[in-house]
Protein chains: 2
Amino acid sequence: MKAVARDESLPTRVRIHEVGPRDGLQNEKAIVPAEVKAEFIHRLADAGLTTIEATSFVHPAWIPQLADAERLFPMLDDLHDRRLPVLVPNERGLDRALALGAREVAVFASATESFAQANLNRSVEESLRMFAPVVAHAVVERVPVRGYVSMCFGDPWEGEVPVGRVVAVARRLIELGVSELSLGDTIGVATPGQVTALLTALNEAGVPTERIAVHFHDTYGQALANTLTALRHGVTTVDASAGGLGGCPYAKSATGNLATEDLLWMLDGLGIETGVDLDRLTAASVWLAGYLGRPSPSRTVRALTPDPTDSHEE
Amino acid sequence: MKAVARDESLPTRVRIHEVGPRDGLQNEKAIVPAEVKAEFIHRLADAGLTTIEATSFVHPAWIPQLADAERLFPMLDDLHDRRLPVLVPNERGLDRALALGAREVAVFASATESFAQANLNRSVEESLRMFAPVVAHAVVERVPVRGYVSMCFGDPWEGEVPVGRVVAVARRLIELGVSELSLGDTIGVATPGQVTALLTALNEAGVPTERIAVHFHDTYGQALANTLTALRHGVTTVDASAGGLGGCPYAKSATGNLATEDLLWMLDGLGIETGVDLDRLTAASVWLAGYLGRPSPSRTVRALTPDPTDSHEE
């Protein structure tokens, strides 16, 4: 019953960078055991996802949800043919990741001083200086580094974020040696005109679109419209979180990652290839939602999943 | 803190056709008293909405939620400067609406035979023949008629809906004398390529974009991306439901009207004028949600509203 209608101004293929196991579970209240995470990641891989951000090698005390990185990562050894990037906050984290055989890593920068202080406890400049040897070391090891830039559009303390600030941080990360940038709308406030403005400014500053991924949050319901706008600009790597993990359907403070299923419904409908099977992906999200004991906030997951408690069916 | 970034390929002004009091409340389980509806509509008008679909003059036994149309409509007499269209299913309904002074009406056609049978208990052709004298009578009275076309993209029984079927029904409605078409994605399955294809086909069939409104449901999270696509095509009238009324955040069967607040967040961010104040609109939706006893499914409403039960804030 799913109709396919191409739009020739959009790319023919998109790579989904699945962030559910890391960005999603990091922002869930529940602490999920490593065995459950490993099973979830295998189910995501079985659904066809080629890039699954697996965990973060932060100090275990910082993020209890991801404190089991050393136990989890070896459980994924059989996923040779997948990209399993891991977040590394500093050199110590990179050493731990490399010791376990990680072949892709990511660093997490901020476009704003307020969030750099809140999240990294240092200024933007200090955090970039901290990342310099991390990226350099990874490059020597031929391990590609993704550079996240958070708060690219709005910041809860500073309001609107000037495009020039994002461009400056993006250029510094590229100069350090990151192979891909992920532009984050961490509080989900962006609208399509801002997306086009930032992507255009980055191109003008010499950052090619091929090195840019987008990472939208659905806090204000804008994530898919913004993603469509980025695709129209030529972006072909999109971050999303299976089942909308990390966003609570009932809580105001939902971080609200774009749900991979909502993204995939659009991409499938547009005839854009991803290699991901929606039914298997939905089944994986429903399985994890059962473990978490709450429904997925993804509209597509809810629409595709029979709900025995649905009082409107009576 | 809200950033504004124009996109020159989009219109400078959009008229929101607010459907919450009719399409929204018709699909809510609760039966809301006329006094509460009247207060809600006044609050929506105070927020700046210029077009508010007030109710439906169907037989009271068909839709108990809207059985109070005769009581409700006179309570809106002071809203002289607003457009308050009402749905009329047949000549009897039109007579009732005209007797109360309605100055705009709407008829509700289907692009598919299955939904025409299920919803109107007659074929597409029989329903169009039923509407012919209704539209003719309204035109004589100088009362503009909006023609809804439901199931324009997908149908739960028939699957994908051929563009030609929608075009045929749309042309018939225009020939009957409707002044505006509202293209409905009643089950929320459409993706942007389908939107462009249908709008293009309608233009080629002689239906100008100025006479087309779009009516998307957010069942699969696609409503805003589809709306953006329609705006890019030149559409300037968009249907939406305050607070996402008519869509239940917990139920699979959510009809999932696009929430007016989610739409307005995007339009405000794009610098597109609507005349609507987001804070006042959100307050109206929160007020009604309090009456209904459940939170709004609108992501923007949830993001803007303090939630004392938000366990993630601890």
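Residues numbered from 1 in each chain as written. Chains lettered and ligands numbered in written order. Predicted model: local features only at pLDDT ≥ 70, side-chain atom pairs only at ≥ 80, totals over all residues. Heavy atoms only, no water.

- Looking at an unreviewed UniProt entry, chain A carries the name Hydroxymethylglutaryl-CoA lyase, with the source organism given as Streptomyces hainanensis.
- Per its UniProt entry, chain A bears the Sequence similarities (unreviewed entry) comment "Belongs to the HMG-CoA lyase family." (UniProt positions renumbered as here; feature names shortened; annotations may be inferred.)

### Structural notes on the overall build of chain A
Now for step 1: When you go through chain A residue by residue, the secondary structure sums to twelve helices and eleven strands.
Now for step 2: At 18 Å, chain A has a C-alpha radius of gyration in line with the 20 Å of a compact globule built from 314 residues.
Now for step 3: Along the first, second and third principal axes, the C-alpha set of chain A runs to 60 × 45 × 35 Å.
Now for step 4: Taking all 314 residues of chain A together, 62% fall into the buried category.
Now for step 5: Carbon and sulfur atoms provide 53% of the accessible area of chain A, an area that totals close to 11200 Å².
Now for step 6: Where the 28 positive side-chain charges of chain A centre and where its 41 negative ones centre are 3 Å apart. (Helix = DSSP H or I, 4+ residues; strand = E, 2+ residues; numbered from the N terminus. Rg over C-alpha atoms; globule rule 2.2 N^0.38 Å. Buried < 20%, exposed > 50% of the residue type's maximum accessible area, 1.4 Å probe, protein only. Areas by Shrake-Rupley, 256 points an atom, 1.4 Å probe, with all protein chains shown as cover. Lys, Arg positive; Asp, Glu negative; His and termini not counted. Charge placed at Lys NZ, Arg CZ, Asp CG, Glu CD.)

### A look at the sheet that holds strand E4 (residues 86-87) of chain A
Residues and elements named next belong to chain A.
Now for step 1: Pairing is parallel in the open sheet, where nine strands are placed in the order E2-E1-E11-E10-E9-E6-E5-E4-E3. A single partner strand is all that each edge strand has here, and the edge strands are strand E2 (51-52) and strand E3 (55-56).
Now for step 2: In the sheet, E3 pairs with E4 via two bridges, with the strands oriented parallel. Looking at E4, one finds that threonine 55 is bridged to valine 86.
Now for step 3: Contacting strand E5 (105-110), strand E6 (145-150) and strand E9 (180-185), helix H7 (residues 163-176) crosses the sheet at an angle of about 165° to E6. (Pairing = 2+ DSSP bridges. Contact = heavy atoms within 4.5 Å. Axes fitted to C-alpha atoms, helices over the stretch in contact; angles between N-to-C directions.)

### Comments concerning the packing of helix H4 (residues 91-99) of chain A against helix H6 (residues 124-140) of chain A
All names here are of chain A.
Now for step 1: Two numbers describe how H4 lies on H6: the axes approach to 9 Å, and their chain directions differ by 25°. Between H4 and H6, the interaxial angle falls into the category roughly parallel. Contacts from Glu91, Leu94, Asp95 and Leu98 in H4 reach Pro133, Val134, His137 and Ala138 in H6.
Now for step 2: Here the residues of the contact of H4 with H6 sort into five nonpolar, one polar and two charged. (Parallel < 35°, antiparallel > 145°, perpendicular 65-115°, else oblique. Nonpolar A, V, L, I, M, F, W, Y, C, P; charged D, E, K, R; others polar.)

### Notes on the pattern of salt bridges
Residues and elements named next belong to chain A.
Now for step 1: Within this structure, the stated rule accounts for 34 salt bridges over all chains.
Now for step 2: A salt bridge links arginine 15 to glutamate 180, with the nearest nitrogen and oxygen atoms 2.9 Å apart. Residue arginine 15 is located in strand E1 (residues 15-18), and its partner glutamate 180 is located in strand E9; the two are separated by 165 residues in the primary sequence.
Now for step 3: Several salt bridges converge on common partners, so that one network encompasses Arg15, Arg146, Glu180 and Asp239. (Salt bridge = Lys/Arg side-chain N within 4 Å of Asp/Glu carboxyl O.)

### Here's the deal with the packing of aromatic side chains
Given two aromatic rings, their pairing is described by the distance between the two centres and the angle made by the two planes.
Residue and element names in this part refer to chain B.
Now for step 1: Tallied over the full model, the rule gives eight aromatic pairs over all chains.
Now for step 2: When the ring of phenylalanine 57 is compared with that of phenylalanine 73, the centres are 6.3 Å apart and the planes differ by 70°; the resulting orientation is edge-to-face. Here phenylalanine 73 lies in the loop between helix H3 (69-72) and strand E4 (86-87) and phenylalanine 57 lies in the loop between strand E3 (55-56) and H3, a separation of 16 residues in the sequence.
Now for step 3: Classification of phenylalanine 73 by relative accessible area gives buried; the value is 6%. (Phe/Tyr/Trp six-rings, centres within 6.5 Å; stacked < 30°, edge-to-face > 60°.)

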